[in-house]
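Results of the structural survey
Here's the letter readout for the chains.
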Amino acid sequence: MSEKQSMKKPILVIGGMGKTGRRVVERLAERGIPSRIGSRSSELPFDWQNRSTWAPILENVEAVFISYYPDLAMPGAADDIRTLAKLALAKGIRRLVLLSGRGEAGALASEQALQNSGADWTIVRASWFSQNFSESFLLDSVLSGTIALPIGDVTEPFIDAEDIADVAVAALTEEGHTEQLYELTGPRLLTFAQVTEEIALASKRDIAYVPITKEQFVGGLEEQNLPVDFTNLLIQLFTHVLDGRNSYLTDGVQRALGREPRDFSDYAQEVAKTGIWDQVQSNE
Ligand SMILES: NC(=O)c1ccc[n+]([C@@H]2O[C@H](COP(=O)([O-])OP(=O)(O)OC[C@H]3O[C@@H](n4cnc5c(N)ncnc54)[C@H](OP(=O)(O)O)[C@@H]3O)[C@@H](O)[C@H]2O)c1
């Protein structure tokens, strides 16, 4: 690394151990660009629920990748984004890149908060992550052999978090992405039944997609005694956002990177090789 590079200020990656943030941090390291992770367990802790942790982590930072937790659909998210952007600008940080979602009012309000902040903004508006099936709440369903959801045959253009991270890193480190809203989708519209088939084929496991009613889905969530906000979030995501409003392809990956997005089959083949889907589900 040159002396100039070693003296560079780090890029703050909020959610830097999550599905997208982890990949952003890896890519920055490959390019010799220093990063600082912002999460509750990072060296300098950052907590969306505790605003007193926000200012210290923004000290001496070049740019910020903002991944909100758990989702921009949560009440108060747009106000958090507005406040964080204001704080960042007050510290002289201009480049802010927000990870957002499609077809959701809270996400749109958060995007607008950033766009109106005066920052050099980029919005990375992603469709459903493929990694929800391997690194998130749908992994347990895959391992149990049954993916039961109230989605019917609605199609979704699943996006690979590898592509999201590539776009985010381009926006954080290259010129030409300021005031760009990149809407990212994968290259194919897939039903959850088709996705289940892809995972079953790649992992050589018997996995069934079982369409259920909204009432059955809500009843199942209530039995799990999850926090009310989280239950409401899952209902919002699985019943409202997945109602067909996002069943179309966009060209955000192509516009930002000049290449095609990765296909779900490639994702499934690669995950199968890691053995994540070979685990035996614990009943504890
Ligand atoms: N999943 C999808 O399909 C999808 C689609 C479109 C958009 N999005 C958007 O993507 C964002 C999430 O991105 P992601 O899935 O890459 O992240 P993620 O994997 O959900 O991020 C998890 C990280 O967040 C940190 N975290 C948890 N609670 C926190 C808190 N209170 N304060 C600060 N950090 C906290 C955790 O680290 P610690 O435990 O160390 O805190 C954890 O490593 C959401 O805003 C969502 O709206 C998701």
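Provided above is the structure to which this section pertains.
Here's what I pulled together on the structure shown here. The model shown is predicted, which means the values in this text are computed figures rather than measured ones. (Residues numbered from 1 in each chain as written. Predicted model: local features only at pLDDT ≥ 70, side-chain atom pairs only at ≥ 80, totals over all residues. Heavy atoms only, no water.)

Among the 25 residues in the neighbourhood of the ligand, the closest are listed as Thr-20, Ser-39, Arg-40, Ser-41 and Tyr-68. Arg-40 places a polar side-chain atom, nitrogen or oxygen, 2.7 Å from an oxygen atom of the ligand. Between Ser-41 and the ligand, the recorded distance is 2.4 Å, taken from a side-chain N or O atom to an oxygen atom. Among the detected pockets, the ligand sits in the largest pocket. Of all the secondary-structure elements, those providing two or more residues to the shell around the ligand are helix 2 (19-30) and strand 4 (95-101). Across the shell around the ligand, the residue classes tally to 11 nonpolar, 10 polar and four charged. (Near = heavy atom within 4 Å. Polar contact = N/O pair within 3.5 Å; in protein donor to acceptor, adjacent residues only side chain to side chain. 1 Å grid on protein atoms, 1.4 Å probe; cavity = no way out; pocket = protein on both sides within 12 Å on 5 of 7 lines; lining within 4 Å. Sits in = over half its atoms within 2 Å of the grid points. Helix = DSSP H or I, 4+ residues; strand = E, 2+ residues; numbered from the N terminus. Nonpolar A, V, L, I, M, F, W, Y, C, P; charged D, E, K, R; others polar.)

Another aspect to go through is the packing of aromatic side chains. In total, this model carries 18 aromatic pairs according to the counting rule given. Arranged with centres 5.0 Å apart and planes meeting at 85°, the rings of Phe-46 and Trp-48 form a pair that is edge-to-face. A single burial state applies to Phe-46 and to Trp-48, both of which are buried. On the basis of an interplanar angle of 35° and a centroid distance of 6.4 Å, the ring pair of Phe-192 and Tyr-209 is categorised as tilted. Highlighted residues: Phe-192 in helix 8 (residues 192-203) and Tyr-209 in strand 10 (residues 208-211), separated in sequence by 17 residues. Chaining the aromatic ring pairs together yields one cluster made of Trp-128, Phe-133, Phe-137, Phe-158, Phe-192, Tyr-209, Phe-217, Phe-238, Phe-264, Tyr-267 and Trp-277. Between Arg-102 and the ring centre of Tyr-248, over which it is positioned, the NZ or CZ distance is 4.4 Å. (Phe/Tyr/Trp six-rings, centres within 6.5 Å; stacked < 30°, edge-to-face > 60°. Buried < 20%, exposed > 50% of the residue type's maximum accessible area, 1.4 Å probe, protein only. Lys NZ or Arg CZ within 6 Å of the ring centre and 35° of its normal.)

Our next topic: the layout of surface pockets. One number sums up the size of the largest pocket: a volume of about 1200 Å³. Taken together, 42 residues line the largest pocket, and the ones lying closest to its centre are Lys-19, Tyr-68, Tyr-69, Pro-70 and Asp-71. Mapped by element, the contributors of at least two residues to the lining of the largest pocket are helix 2, strand 4 and helix 10 (228-241). The greatest single-element share of the lining of the largest pocket, amounting to five residues, is contributed by helix 10. (Points joined across faces, edges and corners; volume = space filled by probe spheres on them.)

One pass over the structure, following the stated rule, counts 24 salt bridges. For Glu-174, the salt bridge identified is with Arg-31, shortest N-O distance 3.7 Å. Separated by 143 residues along the polypeptide, Glu-174 in the loop between helix 7 (161-173) and strand 8 (180-184) and Arg-31 in the loop between helix 2 and strand 2 (35-38) bring together distant segments of the chain. One continuous salt-bridge network, built from bridges that share partners, spans Arg-22, Arg-23, Glu-26, Arg-27, Glu-135, Glu-162, Asp-163, Asp-166 and Arg-259. (Salt bridge = Lys/Arg side-chain N within 4 Å of Asp/Glu carboxyl O.)

Moving on to the environment of Tyr-209. Here Tyr-209 falls in the buried class, since its relative accessible area comes to 15%. In the structure, Tyr-209 is positioned 93 residues away from Asn-116 in sequence and 42 Å away in space, judged by C-alpha atoms. Excluding residues within four positions of it along the chain, Tyr-209 makes contact with Ile-147, Leu-149, Ile-151, Gly-152, Phe-192, Ala-193 and Thr-196. Reaching out from Tyr-209, the side chain makes a polar contact with the backbone oxygen of Leu-149 at a distance of 3.3 Å. Among the polar contacts made by the side chain of Tyr-209, one reaches the main-chain amide nitrogen of Gly-152 at a distance of 3.4 Å. (Contact = heavy atoms within 4.5 Å.)

What follows covers the nonpolar core. The tendency in soluble globular proteins is for nonpolar side chains to be buried side by side. Among the nonpolar cores identified, the biggest contains 32 residues, and Phe-133, Leu-149, Phe-192, Phe-238, Phe-264 and Trp-277 are the most heavily contacted of them. Sorting the residues of this core by element identifies helix 6 (139-144), strand 6 (146-149), helix 8, helix 9 (214-223), helix 10 and helix 12 (264-274) as the ones contributing at least two each. Beyond its immediate chain neighbours, meaning those up to four positions away, Phe-264 contacts Ser-130, Phe-133, Phe-158, Leu-190, Val-195, Glu-198 and Ile-199. (Core = buried A, V, L, I, M, F, W, Y, C linked by side-chain atoms within 4.5 Å.)

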